[in-house]
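Analysis of the macromolecular model
The primary structure of each chain is shown beneath.
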Amino acid sequence: MDKFIIEGGTPLKGTIPISGSKNAALPLMAASLLGNSASTIRNTPRLKDIYTFNNVIRVVGAQVDFKEDENTLVIDPSNVNHLEAPYDLVRKMRASFYMLGALVGKHGYAKVSMPGGCAWGPRPVDLHLKGMEAMGIDIELEKGYVIAKADDKIDGGTFRLEPSSVGATVNLLLAAVLKARKFTIENAAKEPDVVQLCNFLTKMGADIEGIGTDTLTVKAVDSLEGIEVSNDPDRIELGTFMIAGAMYPGSELTLTGCNPDQLGGFTDKLRKTGTSVEVDGTTIHVKAPDKLKPVSIKTEIYPGFPTDLQAQWATMMTQAEGDSKVTDTVYFDRFSYVPELTRLGADMEVEKNTVHISGKTPLTGASVMSTDLRASVSLVLAAMVAENHTEVLRIYHLDRGYESLEDKLSAVGASIKRVDGD
């Protein structure tokens, strides 16, 4: 397995372009299977999860053409005929479970393996299945697979998501737009990924009311047509680089191709640390303060503080002048990065779903290992401010969610190189 070797203690200066969003692109890819013609998704990032999902889509018979030099993905669903997503592909990535809604929604049948993905937390698919049953879809479990069956049109109904879930909202939308005469999702996720999916489906011809609110009502249409769209920029990558630009005195980054509105309350929180944040259209300028102020945060569903940025924030707080705490109300056990950061010298202690951080602590390089995508990048952030060199192992997690991470960071002054881990 590849690893990063990072020499710390260098301010970051320069410009970083923000890539397209993985979490926004994956639902669009699944939705493309609902059309009667090909769809084109521009600004698709070159990431392991995208390649994995491309292969899942190919297995069912769709034609996939990823023009990597243009970050453009073309999906033609005309020849979908194998309505099964196998374990050996779905286990690699939870978002592959979107195939359930897409296949049963278009073809009335789907056989999809239970999902895999990051090795943390219970992220059950119960909500997906109960919601589909409430819609009128027949669900059976068989040897690790979910089998979904539906008539040409089903009545629909109402289902309330408790808790709100992006994945379940996406899957229920995919299943409903061609099948359910009328289906209402209450407490639906309002994340930008869901809004973009709703707009994508509507442009294809779907009938969806309440876009951007927590109540979505779908009325089935007879058919959808393929379209061409540009994928949203990655708000989590953007937040990660904003934190990178704030952590080390003297750092100053310009981030381009952004959608600042999708950051929710994150920008205001970052300013409270003393970091200078200037927004100019689709460009954000970040300048590190001489001394970081400690700011405690609590993750919440959108537009609250994103759970996908809490590991990075906690890492930044190790360099703040004082005590702070980070509480995750979305995923209670997302703190696998803490023991690794303490190896570098961080003073952190986890209590239930909160990590208490005492700063400022000097960090010193060591070998650290990540267990999930956001934990991985938090270790990279720590390594860039640590003395001496740090080895970050198992960086395949990073390749799932950050496009050309080492190239982007090297271009702004970081000393980071990828080497064979063997």
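These remarks concern the structure in this document. (Residues numbered from 1 in each chain as written. Predicted model: local features only at pLDDT ≥ 70, side-chain atom pairs only at ≥ 80, totals over all residues. Heavy atoms only, no water.)

**Some words on the packing of aromatic side chains**
Condition: Side-chain rings of Phe, Tyr and Trp, where Trp is taken by its six-membered ring, are said to pair if the distance between their centres is within 6.5 Å; with planes under 30 degrees apart they count as stacked, over 60 as edge-to-face, and otherwise as tilted. Only runs of H or I of at least four residues qualify as helices and only runs of E of at least two qualify as strands under DSSP, and these elements are numbered from the N terminus. Residue exposure (1.4 Å probe, protein chains only): buried if accessible area is under 20% of the type maximum, exposed if over 50%, otherwise partly exposed. By the criterion adopted, a ring carries a charge over it if an Arg CZ or a Lys NZ lies within 6 Å of its centre and within 35 degrees of its normal.
Throughout the structure, instances matching the rule amount to five aromatic pairs. Seen from their ring centres, Y51 and F66 are 5.6 Å apart, and the 50° between their planes marks the pair as tilted. Here Y51, found in helix 2 (residues 48-59), pairs with F66, found in strand 4 (residues 63-67); they are 15 residues apart in sequence, far enough to count as distant. Residue Y51 is classed as partly exposed on the basis of its relative accessible area, which comes to 30%. Using a relative accessible area of 11% as the deciding quantity, one classes F66 as buried. With centroids separated by 6.2 Å and ring planes inclined at 50°, the aromatic side chains of F335 and Y337 adopt a geometry described as tilted. Feature note: the residues F266, F305 and W313 constitute an aromatic cluster, connected by ring pairs. Geometry around Y145 places K111 over its ring, the cationic atom sitting 5.2 Å from the centre.

**Considerations on the sheet that holds strand 16 (residues 276-280)**
Put simply, the test is: Strand pairing is defined by DSSP finding a minimum of two bridges between the two strands. Axis definition: a line fitted to C-alpha atoms, limited for helices to the stretch in contact. Angles are taken between N-to-C directions and run from 0 to 180 degrees.
The strand order across the open sheet built from four strands is 2-15-17-16, with neighbouring strands paired in mixed fashion. At either margin of the open sheet sits one strand with a lone partner, and together these are strand 2 (13-17) and strand 16. Direction aside, the axes of adjacent strands within the sheet are offset by 15° on average.

**Some remarks on a negative patch on the surface**
Keep this limit in mind: Each patch groups residues whose relative accessible area exceeds 30% and which form no salt bridge, using 9 Å between like charges and 5 Å between nonpolar side chains of Val, Leu, Ile, Met, Phe, Trp and Tyr. Each accessible area value is a Shrake-Rupley result obtained with a 1.4 Å probe; residue values ignore everything except the protein chains displayed when judging cover. Within this document, salt bridges are pairs made up of a side-chain nitrogen of Lys or Arg and a carboxyl oxygen of Asp or Glu, the two lying within 4 Å of each other. Charge assignment: positive for Lys and Arg, negative for Asp and Glu; neither His nor the chain ends contribute. Taken as the charge centre is NZ of Lys, CZ of Arg, CG of Asp or CD of Glu, depending on the residue.
A cluster of like negative charges, contributed by E133, D138, E140 and E142, occupies part of the molecular surface. Tracing the chain through its elements places E133 in helix 5 (residues 126-135). We classify E133 as partly exposed; its relative accessible area is 44%.

**Let's talk about the pairing of strand 3 (residues 39-42)**
Bridge count for strand 3 against strand 5 (residues 72-76) is three bridges, and the pairing is antiparallel. Residue pairing across strands places T40 opposite V74, the latter belonging to strand 5.

**Digging into the nonpolar core**
Our working definition: For this analysis, a nonpolar core means a set of buried residues of the types Ala, Val, Leu, Ile, Met, Phe, Trp, Tyr and Cys, connected via side-chain atoms within 4.5 Å. Here, residues are in contact when the closest pair of their heavy atoms is within 4.5 Å.
Among the nonpolar cores identified, the biggest contains 77 residues, and F53, M99, I137, L173 and L201 are the most heavily contacted of them. Of the residues forming this core, the biggest block, seven residues, is contributed by helix 6 (residues 166-176). Apart from residues no more than four positions distant in its own chain, L173 is found in contact with I185, V194, L197, C198, L201, I208, L216 and V218. One finds L238, L309, A346 and L373 within the second-largest nonpolar core, a separate group that totals 65 residues.

**Here we look at the pattern of salt bridges**
In the structure shown here, the tally under the stated rule is 15 salt bridges. A salt bridge links E403 to R46; the shortest N-O distance between them is 3.6 Å. Placement of E403 in the loop between helix 13 (396-401) and helix 14 (405-410) and of R46 in the loop between strand 3 and helix 2 is noted, with a sequence separation of 357 residues between them. A cluster of three or more residues bridged by salt bridges with shared partners is formed by D2, D399, E406 and R418.

**Brief notes about unusual backbone geometry**
Note that the residue after E162, namely P163, is joined by a cis bond; omega there is 0°. Residue K360 is reached from G359 by a cis peptide bond, and omega for that bond is 0°. Summarising the element assignment, K360 is placed in the loop between strand 21 (354-358) and strand 22 (367-369). Non-glycine residue K143 carries a positive phi angle of around 50°.

**Focus: the packing of helix 1 (residues 22-32) against helix 7 (residues 192-204)**
In plain terms, the rule: Orientation is classified from the angle alone, with under 35 degrees giving roughly parallel, over 145 giving roughly antiparallel, 65 to 115 giving roughly perpendicular, and any other angle giving oblique. In this scheme the crossing of two helices becomes right-handed for a clockwise turn of the near helix relative to the far one and left-handed for an anticlockwise turn of less than a right angle.
Contact pair helix 1 / helix 7: the axes reach a minimum separation of 9 Å and the direction vectors enclose 25°. Considering the angle they form, helix 1 stands roughly parallel to helix 7. The element helix 1 and its partner helix 7 pack so that their crossing is right-handed. The segment helix 1 lies against helix 7, with N23, A24, P27, L28, A31 and S32 engaging D193, Q196, L197, F200, L201 and M204.

**Some details on the side chain of E391**
How we decide: Counted as a polar contact is a pair of N or O atoms within 3.5 Å, where, for protein atoms, one must be capable of donating a hydrogen and the other of accepting one, and residues adjacent in sequence contribute only when both atoms are in side chains.
As for its position among the elements, E391 is in strand 23 (residues 389-393). Its relative accessible area of 18% is what places E391 among the buried residues. In terms of polar contacts, E391 uses its side chain to reach the side chain of K3, at 3.2 Å. With near-sequence residues (within four places) excluded, E391 lies in contact with K3, F4, I5, A366, S367 and V368.

**Let's talk about the packing of helix 5 against helix 6**
Quick note on the threshold: Ten residues, namely Ala, Val, Leu, Ile, Met, Phe, Trp, Tyr, Cys and Pro, are considered nonpolar, four, namely Asp, Glu, Lys and Arg, are considered charged, and the remaining ones, Gly among them, are considered polar.
Running from N to C, helix 5 and helix 6 cross one another at 30°; their axes reach a closest spacing of 9 Å. It follows that helix 5 is roughly parallel to helix 6 by the angle criterion. Handedness of the helix 5/helix 6 crossing: right-handed. Residues L127, H128, G131, M132 and M135 of helix 5 pack against G167, A168, N171, L172, A175 and A176 of helix 6. For the contact of helix 5 with helix 6, a count of residues per class yields seven nonpolar, four polar and no charged.

Take it as geometry only, folks, not as evidence of what the structure does.
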